[in-house]
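A structural walkthrough
Given next are the chains, with one letter for each unit.
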Amino acid sequence: DGTDELVWGERLIELDKGIEKFCADEQVWNDHSDVVQPVLDRETGNWLLYTCREKLQPKPPRVVTFDSKGKRIWSAIEQGHMDMGWVARIGEQGRKVAMAIRIGHKTAGPKGFSRSGVEAFAWDVITGEEIDLPFSVYQSLPVDIDGDAVHELARSGNGGCEIIDRSGKVITKITGGAIIAGKLFGLPGEQIVCKGPGGIVQVWADLNAKDKEEAKFRYSHPFYRANRKLTATGSNRNN
């Protein structure tokens, strides 16, 4: 409607007047939602809200997708600590897939994060149908590095980063761990910011990338432009 809203946990607040439009699952959930991701269903023009929840309250469900009014569309996972997740265009014909990571234990300190008992789950974010991905999504970030409007994944581990396509094939390897991915420069495709060896910040791009019209639509969307300003708010990544 031309007025921005802020998603704070599972609350939607209109920024101009500070009015709460809804608080999703208000009667059953009152704790930390680790991931809250607005998603545009391009086929209908409707917005969805994908969220996964930490374990502070052991209440089901742990993964929920709401409609634009805050009503549940689908839910999954009855118990566990959901820690990290994203939505990416990696399904058939570029359909949007949501993933969530469930962990058994996590420690954090000067040397970074350590997680154990990691399990990954994925769904069609529109229908809630569970998807069995043929590769690990742990420590990954979606990035459309070649500009074809379908995401690749920048998957960090063992001091480096693999770029894989939606079949799990490794396209290339780069040094450092991926921190941010998005349209950062006037180059085709999206770029990846990595924390390289010795603390050096590196930016990686595909110089052979070509932006399709659907990719250009994504980059120019006001939601995409606003989201690029929020990349330093995640506490689970090095910023």
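Source: prediction; values computed, not measured. One numbering rule holds for all chains: residues counted from 1, following each sequence as written. Local features in a predicted model are, by the rule used here, given only for residues with pLDDT of at least 70; side-chain atom pairs are given and counted only at 80 or more, and totals for whole chains, interfaces and linings are based on all residues. Water and hydrogen atoms were dropped before computing side-chain values, which therefore reflect all heavy atoms in the structure.

1. What about the confidence of the model for the protein?
Scored between 0 and 100, pLDDT is the confidence that the predictor attaches to each residue. When pLDDT is averaged along the protein, the result is 90, and 96% of the positions lie at 70 or above. For the protein, the element scoring lowest by mean pLDDT is strand S11 (residues 112-116), at 80; strand S6 (residues 63-66) scores highest, at 98. Elements are defined by DSSP. Helices are runs of H or I of four residues or more, strands are runs of E of two residues or more, and each kind is numbered from the N terminus.

2. Remarks on the nonpolar core
Residues enter a nonpolar core if they are buried and are Ala, Val, Leu, Ile, Met, Phe, Trp, Tyr or Cys, with the set joined through side-chain atoms within 4.5 Å. Burial classes follow relative accessibility: with a 1.4 Å probe on protein chains only, a residue under 20% of its type's maximum area counts as buried, one over 50% as exposed, and anything between as partly exposed. Residues Tyr-50, Val-63, Ile-77, Met-82, Ala-100 and Trp-123 are the most contacted members of the largest nonpolar core, which totals 16 residues. Residue assignment for this core shows that the elements contributing at least two residues are strand S4 (33-41), strand S5 (46-53), strand S7 (72-76), strand S8 (81-89), strand S9 (96-103) and strand S12 (119-124). Element by element, the count of residues in this core is highest for S5, at three residues. A contact between two residues is defined here by any heavy atoms of the two lying within 4.5 Å. Here Met-82 is in contact with Asp-34, Cys-52, Arg-53, Glu-54, Arg-62, Val-63, Ile-77, Ala-100, Ile-101, Arg-102 and Phe-121, once residues within four sequence places are set aside. Trp-86, Val-97, Ile-103 and Ile-164 belong to the second largest nonpolar core, which has 14 residues in total.

3. Quick look at the side chain of Asp-41
Within the secondary structure layout, Asp-41 lies in strand S4. No salt bridge is formed by the buried Asp-41. Its closest oppositely charged neighbour is Arg-95, at 6.4 Å. For this analysis, a polar contact is any N or O atom pair within 3.5 Å, provided that within protein one partner can donate a hydrogen and the other can accept it, and provided that sequence-adjacent residues contribute only side-chain to side-chain pairs. In this structure the side chain of Asp-41 is engaged in a polar contact, spanning 3.2 Å, whose partner is the backbone nitrogen of Glu-43. When near neighbours in sequence (up to four residues on either side) are disregarded, Asp-41 contacts Asn-46 and Ile-126. Residues scored as positive are Lys and Arg, those scored as negative are Asp and Glu, and His as well as the terminal groups of each chain are ignored. Salt bridges are defined as contacts in which a side-chain nitrogen from Lys or Arg sits within 4 Å of a carboxyl oxygen from Asp or Glu.

4. Some remarks on the sheet that holds strand S19 (residues 201-204)
By way of backbone hydrogen bonds, the strands of a sheet pair with one another, either parallel or antiparallel. What the three strands build is an open sheet, ordered S17-S18-S19; its pairing is antiparallel. Bordering the open sheet on either side are strand S17 (177-182) and S19, each of which pairs with just one other strand. Geometrically, the sheet is characterised by an average inter-axis angle of 25° between neighbouring strands, direction not taken into account. Relative to S19, strand S18 (residues 191-195) runs antiparallel, the two being bridged by four bridges. Within S19, the residue paired with Ile-192 across the bridge is Trp-204. Criterion used throughout: strands pair if DSSP finds at least two bridges between them. Comment: axis = line fitted to C-alpha atoms, over the contacting stretch for helices; angle = value between 0 and 180 degrees taken between N-to-C directions.

5. Remarks on helix H1 (residues 213-220)
Buried within H1 are the following residues: Ala-215, Arg-218 and Tyr-219. An end-on view of H1 places all buried positions within 95° of arc, on one side of the element. Each element contacted by the buried residues of H1 is listed here: S8 and helix H2 (222-227). Picture the helix axis, draw a direction to every C-beta atom, and the arc is the one those directions span.

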